[in-house]
Amino acid sequence: MPTRGLPTRAGVFASIATMAAMFGVAFLAPAGSGAARPDTQTTEKTFEAECEVDPGGGPPLEQGPAKMKFTFHAVVPAVIREGEEVNFSGARAEITLPKLWSDGLYVFGVRSAIGKETYMEVDVSGATPTGIDGFRSSEYTEGLPIEKRSIAYETEPMTFKAPTVGGTEKEYSLGPVLAGKAGEELTLKLGTRAGYESGIRTVENQGLQSWITGYRAPNFEGGVAEDRYGDRVEHLRTGCTAPAGVVLIETEIQPKATTTTTTTTGSPTTTTTTTPSATTTTTTTTTTTTTTAPAAAAAPDAEEPTVLSPFVVDASEDKGSYKANSTLAGTRVRTDLKDVASAITVVTAQFLQDTGAKNASDLLVYTPSTEVAGLRGNF
């Protein structure tokens, strides 16, 4: 077999994610690859919004409303308690233009672009405030920056990742929101107000709003193309209307933690128990002075048990091996492969590295019950 260059792990997993869903092949994240910690959980939502370009976009873009694809990621605390201020860290978004718009920008001569995702209407329930801008944060007060430092013609629609600064993809914190009462659902849901109107097109602070400015020359020097005379090709301002029922984040609010503190100093002995509820806090102090007892010897610190999340597969034990021991496929919780009734093919990170697989075609020649056509295929 010819020798191939080894791809990066991130590139491999991105290129074969769709194949995994189609063929039921389970992939284990390499140790230290950013898997969710036991005290958090990740969320990812993909949806299509109907979008319109402001007048002046040019003939190829003036074709009426078109579908723009959005993918939103965030990290959600595993437990959110009553009255807690919550920030959803690790937030980021991917925005894919309609194919017609991507082709139009290239035909116009656009070879680099900058822009911002300026507004995403998010309705909040079970917390305050009742609405937030999903594209703004303390880090990015004017919206999420996006850029493409070099644009070549592609058969796939153009995708921007927000925030991106200086050619580097970043993350931001969504929030904060103040959790309401225990037992309620804290929900962040896309607002459905129209982001554009006929004749006016974009509407401020409604729906999803963004802008992109394209330039003739690729910019390799800093990631932000200068607005030189004659260099700017196109400035697009888009407004989008989200579909109904898109829930970005949903989790149940838990009661406040109950704490008990006991202090012993010979005599008297004071015990304070605090049991918070939604509306009241009760503190009881009992003091006994009839007997004098020496201070009890402090109990040795017991080692805290390690609790493993049933939703996280740790591949550290499989590092450097083709053999995997556990999976999330089949049962949706961490399960030993020997206990899974379904027929599952597991591909580890070591196998991907050794075979140099860059895409689904490279990998499926090695997996059972799959066929690949072509010169490098197996039939």
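Note that this is a predicted model, so its numbers are computed, not measured. (Residues numbered from 1 in each chain as written. Predicted model: local features only at pLDDT ≥ 70, side-chain atom pairs only at ≥ 80, totals over all residues. Heavy atoms only, no water.)

1. Quick word on the pattern of salt bridges
Within this structure, the stated rule accounts for seven salt bridges. Between K161 and E169 there is a salt bridge, with the nearest N and O atoms lying 3.6 Å from each other. Using a relative accessible area of 35% as the deciding quantity, one classes K161 as partly exposed. (Salt bridge = Lys/Arg side-chain N within 4 Å of Asp/Glu carboxyl O. Buried < 20%, exposed > 50% of the residue type's maximum accessible area, 1.4 Å probe, protein only.)

2. A few points about the pairing of strand β10 (residues 159–162)
Burial along β10 is one-sided: the residues F160 and A162 are buried and none of T159 and K161 is. When strand β5 (residues 85–96) meets β10, the two strands line up antiparallel, connected through four bridges. The residue bridging A93 from the neighbouring strand is A162, located in β10. (Helix = DSSP H or I, 4+ residues; strand = E, 2+ residues; numbered from the N terminus. Pairing = 2+ DSSP bridges.)

3. A few points about the confidence of the model for the protein
The predicted structure's coordinates, where accompanied by low pLDDT, should not be read in detail. Put simply, the protein has an average pLDDT of 75, and 67% of its residues get 70 or more. A low-confidence stretch, residues 220–225 (pLDDT under 50), is modelled with 16 contacts involving residues beyond four sequence positions or located in other chains. Long-range and interchain partners of residues 275–296, a stretch whose pLDDT sits below 50, account for 36 contacts in this model, where long-range means more than four residues apart. (pLDDT = per-residue confidence, 0-100. Contact = heavy atoms within 4.5 Å.)

4. Comments concerning the environment of V122
Looking at where V122 falls in the secondary structure, it is placed in strand β6 (residues 112–125). Among the residues examined, V122 registers a relative accessible area of 1% and is labelled buried. In the structure, V122 is positioned 67 residues away from K189 in sequence and 5.5 Å away in space, judged by C-alpha atoms. Leaving out residues up to four positions away in the same chain, V122 has contacts with T130, G131, I132, G134, L188, K189, G191 and L248.

5. Regarding the packing of aromatic side chains
Scanning the model with the defined rule gives four aromatic pairs in all. Ring geometry for Y322 and F351: centres 5.2 Å apart, planes at 80°, overall edge-to-face. Linking Y322 in the loop between β22 (283–288) and β23 (326–327) with F351 in helix α4 (residues 349–355), this pair joins segments that are 29 residues apart in sequence. Taking relative accessible area as the criterion, Y322 reaches 48% and is therefore assigned partly exposed. Given the relative accessible area of 17%, F351 is considered buried. Ring centres 5.6 Å apart and planes at 85° place the aromatic pair F351 and Y366 in the edge-to-face group. Remark: Y366 occurs in the segment after α5 (360–364) and F351 occurs in helix α4; sequence separation between them is 15 residues. We note R111 situated over the ring of Y106; from NZ or CZ to the ring centre the distance is 3.9 Å. Seen from the ring of F160, K148 lies directly overhead, with NZ or CZ sitting 5.7 Å from the centre. (Phe/Tyr/Trp six-rings, centres within 6.5 Å; stacked < 30°, edge-to-face > 60°. Lys NZ or Arg CZ within 6 Å of the ring centre and 35° of its normal.)

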